[in-house]
2 protein chains.
Amino acid sequence: MVTRTAAQRRAGERGRYDAYLAACPARKLLDRISDKWVSLLLNALADGPQRYSELSRTIAGVSQKMLTQTLRGMERDGLVTRTVTAAVPVRVDYELTPLGASLLPVMTAIKAWAETNIDAVEQARRAYDRHSV
Amino acid sequence: MVTRTAAQRRAGERGRYDAYLAACPARKLLDRISDKWVSLLLNALADGPQRYSELSRTIAGVSQKMLTQTLRGMERDGLVTRTVTAAVPVRVDYELTPLGASLLPVMTAIKAWAETNIDAVEQARRAYDRHSV
DNA sequence: CGGGATCCCGTCGGATACTG
DNA sequence: CAGTATCCGACGGGATCCCG
């Protein structure tokens, strides 16, 4: 077997492609906001700061692990600020930064497309399922 | 143990919340376009129809499994059309539908935000990492 | 109250081999 | 050429327990 296998060739190409992808800002952002909890937290924090426990109740379905993990990630990316108030029961508030708030219009644009086109998508989906099942 | 545990209460709330989420058009759309391969295919198909093998080479890093699976999903949602030309070697072309094409501006908006703000995000990230490591 | 650490399971996605 | 079928490893994310 002198020639490289298809898998080997693809592996080489993938290396460069992954590097290209990793450098792509749009993909980085998509990876971030496409996260289920990030988008929900963005919405929850849109109308003012909230405490950890408030967020926990607002989002309802989230586990502490994911709530903490997601908030940490967003804080790291400068999308939210974390403010600890030393009291007897500790108090922690989260708030959108200007950067985080600037993401809201983008979410709105996505939402707008979704709301106008979701019917067409679901119709196409039903049509597809009908003749293929 | 008379009262329900926190987990039990959350489970109930999650049921309603999941239902709410499932009904949310914006989330459905996000789930779809946030997919790594969907966004790449959208871009690849932006400037005209392409054959299966062409897409395979354009995207480079994708496995046949994911390429086929993703294209099927997009076809189901009415974002692309699949045209089979019966010839000696079979020929299959994929093309964006108007619905699929209407998604491109949204992707552009996301890309625009990403390109103007990615520096701020990465700077915040470095600052965060510096004082916490 | 606001988490950190750990365990565990389900699903996603890659590799490989085979087919019309 | 354009897939389908199968195996399987990695990882995301929930549940649980514990701490400052």
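Keep in mind it's a predicted model, so treat the numbers as computed, not measured. (Residues numbered from 1 in each chain as written. Chains lettered and ligands numbered in written order. Predicted model: local features only at pLDDT ≥ 70, side-chain atom pairs only at ≥ 80, totals over all residues. Heavy atoms only, no water.)

Student: What is the right way to read the relation of the copies chain A and chain B from this model?
Tutor: Each copy of the chain is related to the other by a rotation around an axis and a translation along that axis. Note on the copies: chain A fits chain B at an RMSD of 0.1 Å, the axial shift is 0.0 Å, and the rotation between them is 180°. Put plainly, the chains are arranged around a two-fold axis. The rotation axis passes nearest to the C-alpha of A:Ser34 in chain A, at a distance of 2.6 Å. With an isologous cut-off of 70% or more, the 96% of interface residues of chain A that recur at the interface of chain B puts this contact in the isologous class. (Least-squares fit on C-alpha atoms with pLDDT ≥ 70 in both. Contact = heavy atoms within 4.5 Å.)

Student: Is there a simple way to think about the packing of helix 7 (residues 104–132) of chain A against helix 7 (residues 104–132) of chain B in this case?
Tutor: The angle between the axes and the distance between the axes are what describe a pair of packed helices. Close contact between helix 7 of chain A and helix 7 of chain B brings their axes to 10 Å; oriented N to C, the two are set at 175°. The angle between helix 7 of chain A and helix 7 of chain B places the two elements in the roughly antiparallel class. When helix 7 of chain A is examined against helix 7 of chain B, the residues A:Val106, A:Ile110 and A:Trp113 are found in contact with a partner set consisting of B:Val106, B:Ile110 and B:Trp113. Along the lines of polarity and charge, the residues of the contact of helix 7 of chain A with helix 7 of chain B split into six nonpolar, no polar and no charged. (Axes fitted to C-alpha atoms, helices over the stretch in contact; angles between N-to-C directions. Helix = DSSP H or I, 4+ residues; strand = E, 2+ residues; numbered from the N terminus. Parallel < 35°, antiparallel > 145°, perpendicular 65-115°, else oblique. Nonpolar A, V, L, I, M, F, W, Y, C, P; charged D, E, K, R; others polar.)

Student: Help me understand unusual backbone geometry in this model?
Tutor: With glycine set apart, most residues show a phi of negative sign, and most peptide bonds adopt trans. Residue and element names in this part refer to chain A. Even without a glycine there, the phi angle at Ala60 is positive, about 65°. Counting through the fold element by element, Ala60 comes out in the loop between helix 4 (52–59) and helix 5 (64–76). On the basis of relative accessible area, Ala60 is assigned to the buried category, the value being 9%. (Buried < 20%, exposed > 50% of the residue type's maximum accessible area, 1.4 Å probe, protein only.)

Student: Teacher, can you tell me more about helix 2 (residues 25–33) of chain B here?
Tutor: Since the α-helix turns once every 3.6 residues, residues separated by three or four places project in the same direction. Considered for burial, the residues of helix 2 of chain B that qualify are B:Ala26, B:Arg27, B:Leu29, B:Leu30 and B:Ile33. Within helix 2 of chain B, the buried residues cover an arc of 160° as seen down the axis, which keeps them to one side. (Arc of directions from axis to C-beta.)

Fair warning: the whole summary comes from geometry, so function is off the table for now.
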